[in-house]
Amino acid sequence: MRSANLLNDFAFKYVFGEDCKEANDALKSLLTVFLERKINYVVVKNSEMVKDYSKMKSPRLDLLVEFDDQTTVDLEMQLRQTKDNLPIRFSYYLARLHGSQELEGKYYGELKETIVLVFFNVNLIDNNRMCNTFTLKNEDGLSFVKETEDRMKLRTIEMPKVDLNKPLEDMNEQEKMIYYFLNCHKGLDDSKIKVMIESDGVIQMLEKRVETISDDRWKKIIEDFQKLHENEERIELQLELEETQRQMKEVQKEANAEYRKQYEDYFRSLGYKIKHKWTLKDFLTIILVIGVLVIIVGVLWLIPPTHEYMINLYNTNLIVKIITDIIIGIFQGIIKFFKNFTTF
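Throughout, a residue's number is its position along its own chain's written sequence, starting from 1. Only residues with pLDDT of 70 or above have their local features reported here, since the model is predicted, and side-chain atom pairs are shown and tallied only from 80 upward, although totals for entire chains, interfaces and linings are computed over all residues. Excluded from the side-chain calculation are hydrogens and water; included are all heavy atoms of the structure.

**Considerations on the overall build of the protein chain**
Moving on, step 1. Put simply, DSSP H or I for four residues or longer makes a helix, DSSP E for two residues or longer makes a strand, and each gets a number counted from the N terminus. When helices and strands are counted, the protein chain shows 10 helices and six strands.
Moving on, step 2. Note on exposure labels: buried denotes an accessible area under 20% of the residue type's maximum, exposed denotes more than 50%, and partly exposed covers the range between, all computed with a 1.4 Å probe on protein chains only. Here the protein chain holds 344 residues, and the buried ones make up 32% of them.
Moving on, step 3. Put simply, 64% of the contacts in the protein chain that link residues at least 6 apart link residues at least 24 apart.
Moving on, step 4. Only the protein chains shown count as covering a residue, and every accessible area follows the Shrake-Rupley method with a 1.4 Å probe. Carbon and sulfur atoms make up 58% of the accessible area of the protein chain, which amounts to about 23200 Å² in all. Contacts are residue-level and defined by heavy atoms, with any inter-residue pair within 4.5 Å sufficient.

**Comments concerning helix H6 (residues 201-211)**
Moving on, step 1. Residues of H6 that are buried include every one of Ile203, Leu206, Glu207, Arg209 and Val210, and no others. The buried residues of H6 all sit within an arc of 160° when viewed along its axis, so they share a single face.
Moving on, step 2. Those residues of H6 that are buried lie in contact with helix H1 (9-17), helix H2 (21-35), helix H4 (173-183) and helix H5 (191-199).
Moving on, step 3. Its side-chain oxygen placed 2.9 Å from the backbone nitrogen of valine 202, aspartate 200 serves as the N-cap of H6. Note: the arc covers the axis-to-C-beta directions of the helix. Any pair of N or O atoms that falls within 3.5 Å is considered a polar contact. Within protein, one atom must be able to donate a hydrogen and the other to accept it, and sequence-neighbouring residues count only if both atoms are side-chain atoms.

**Observations regarding the nonpolar core**
Moving on, step 1. Nonpolar cores were defined as sets of buried Ala, Val, Leu, Ile, Met, Phe, Trp, Tyr and Cys residues, with membership established by side-chain atoms within 4.5 Å. Membership of the largest hydrophobic core comes to 47 residues, with the highest contact counts inside it found for Phe16, Leu30, Leu31, Phe34, Phe119, Ile178 and Phe181.
Moving on, step 2. Broken down by element, the residue count for this core peaks at seven residues, all from H2.
Moving on, step 3. When residues no more than four places from it in sequence are discounted, the contact partners of phenylalanine 119 are Phe12, Leu30, Phe34, Leu75, Glu76, Met77, Gln78, Ile157, Met159, Ile178 and Phe181.

**A closer look at the pairing of strand E6 (residues 152-158)**
Taken residue by residue, a regular strand's side chains alternate between the two faces of the sheet.
Moving on, step 1. When you tally the buried positions in E6, you get five out of seven residues, the bulk of the element.
Moving on, step 2. In this scheme, strands are said to pair when DSSP sees at least two bridges between them. Both strand E4 (residues 114-120) and E6 contribute to a ladder of seven bridges, which runs parallel. If you follow valine 116 over to E6, its bridge partner there is leucine 154.

**Digging into the sheet that holds E6**
Moving on, step 1. Spatial strand order, E1-E2-E3-E4-E6-E5: six strands in an open sheet with mixed pairing. Where the open sheet ends on each side, the last strands, each with one partner, are strand E1 (42-44) and strand E5 (131-134). Going from strand to strand, the sheet's axes swing by 20° on average, the running direction of each strand aside.
Moving on, step 2. Across three bridges, the pairing between E1 and strand E2 (residues 63-67) is antiparallel. Counterpart to valine 44 in the pairing with E2 is valine 65. Axes, fitted as lines to C-alpha atoms, cover a helix only where it is in contact. Angles between the N-to-C directions of the axes lie from 0 to 180 degrees.

**Notes on the pairing of E2**
Moving on, step 1. Residues of E2 alternate between two faces, with Leu63, Val65 and Phe67 buried on one and Leu64 and Glu66 left unburied on the opposite face.
Moving on, step 2. Looking at chain direction, E2 and strand E3 (residues 72-78) are connected through four bridges and run antiparallel. By the bridge assignment, leucine 64 is partnered in E3 with aspartate 74.
Moving on, step 3. Counted between consecutive antiparallel strands, the loop separating E2 from E3 contains four residues, among which glutamine 70 sits at a positive phi close to 70°.

**A look at the packing of H2 against H6**
Moving on, step 1. Running from N to C, H2 and H6 cross one another at 140°; their axes reach a closest spacing of 10 Å. Here H2 is positioned oblique relative to H6, judged by the angle of their axes. Classified by chirality, the crossing of H6 by H2 is left-handed. Contact residues: H2 offers Glu22, Ala23, Asp25, Ala26 and Ser29, while H6 offers Val202, Met205, Leu206 and Arg209.
Moving on, step 2. A per-class count over the contact of H2 with H6 returns five nonpolar, one polar and three charged. Small angles under 35 degrees read as roughly parallel and large ones over 145 as roughly antiparallel, with 65 to 115 read as roughly perpendicular and the rest as oblique. By convention the crossing between two helices is left-handed if the near helix lies anticlockwise of the far one by an angle smaller than a right angle, and right-handed if it lies clockwise. All residues other than Ala, Val, Leu, Ile, Met, Phe, Trp, Tyr, Cys, Pro, Asp, Glu, Lys and Arg, Gly among them, are scored as polar; the first ten of these are nonpolar and the last four charged.

**Some thoughts on the environment of phenylalanine 181**
Moving on, step 1. Counting through the fold element by element, phenylalanine 181 comes out in helix H4.
Moving on, step 2. As for phenylalanine 181 and leucine 206, which are separated by 25 residues in sequence, their C-alpha atoms are 9.5 Å apart.
Moving on, step 3. Non-local contacts of phenylalanine 181, meaning those with residues more than four positions away in its chain, are made with Asn5, Leu6, Leu7, Phe12, Phe16, Leu30, Met77, Phe119, Met159 and Leu206.

**Describing the confidence of the model for the protein chain**
Moving on, step 1. Scored from 0 to 100, pLDDT records how confident the predictor is in each individual residue. Taken over all residues, the pLDDT of the protein chain has a mean of 82, while the share at 70 or more is 85%.
Moving on, step 2. Here helix H7 (residues 216-269) is the element of the protein chain with the lowest mean pLDDT, 74, and E6 is the one with the highest, 93.
Moving on, step 3. When the criterion is pLDDT under 50, residues 49-60 qualifies, and its contacts beyond four places in sequence or with other chains add up to 23 contacts.

**Considering H5**
Moving on, step 1. Among the residues of H5, Lys192, Ile193, Met196 and Ile197 are the ones counted as buried. On an axial view of H5, the arc spanned by its buried residues comes to 135°, and they lie on one face. Along H5, exposed side chains directed more than 90 degrees from the buried face belong to Ser191, Glu198 and Ser199.
Moving on, step 2. Buried-residue contacts for H5 involve H4 and H6.
Moving on, step 3. Residue aspartate 190 occupies the N-cap position of H5, its side-chain oxygen lying 2.9 Å from the main-chain nitrogen of lysine 192.

Here it is in structure tokens:
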């Protein structure tokens with residue numbers, strides 16, 4: 001057993017994204033196999049490795065590559081299901097990548113193809129296909145854009161769908177490579193890995209890259225990076241737990257309110273009078289309503305026509321005069337109280 005594991009984001013980017021011929025050849029082989037198109041030239045747009053990975057808040061080591069026809073591919077390794085909706089997340093990545101193209105002074109027809117290629121270590125798509133390609137289509141499968149002109153594709157590779165017990169001679173190139181991804185840490189201890197290394201040129205190329213990360217220095221880097229992932233998982237689980245507890249409290253609160261309402265309705269149906277239970281929310285609502293009314297009256301008082309009308313109404317209507325005097329008396333009492341309070 002060895003420390004190298006291509007399911008580790010850091011190792012994956014190093015093996016396929018390092019700025020060297022060997023890594024570039026391995027990347028071309030990977031893309032040729034899973035995009036099912038011949039790749040003669042590819043350049044990694046973000047080949048720099050993370051120096052201080054311990055300060056990364058949320059590790060995302062994707063590979064952004066470009067072909068000679070300027071097709072851009074975002075290559076991702078997604079190890080686990082997260083709280084985020086993964087299909088929506090990667091749809092967003094595709095839209096963002098496609099929208100990042102410089103189009104000033106150009107026609108939309110000049111947009112280059114963009115592909116998000118994601119290796120999932122979880123099952124997401126409800127079918128038996130390991131590889132699925134998603135484009136813009138309607139309910140009947142009719143493409144919005146001609147297939148030859150389609151510029152946006154989301155390609156998913158669901159690794160758990162590979163039958164790892166299938167005989168090696170029955171595996172296709174995609175299945176062999178996935179088997180290697182999942183088991184390369186076993187090295188020659190795995191009989192299928194051993195045979196592939198001896199007979200498959202692509203796997204031989206990958207094995208040479210993996211061997212370069214098997215020393216102690218890389219072992220520590222990868223282990224530390226794995227701890228960073230595990231810490232992220234713990235934080236995410238804690239957030240999920242807190243969210244669940246918050247939702248449970250909301251449900252309990254709503255259930256209590258509904259129970260009280262049904263309880264009161266039942267006794268009212270029997271002819272009982274149920275006294276309303278005042279809450280802080282009720283008092284705050286009353287204060288808010290009074291405050292709004294005071295503001296409205298204050299604004300009307302400042303407008304000459306309504307100011308004169310209010311004075312006439314006060315002088316001619318006894319009820320309005322009594323109510324107004326009571327309200328003014330209350331406010332004067334409150335003001336006097338605070339004045340006396342500040343003198344102590």
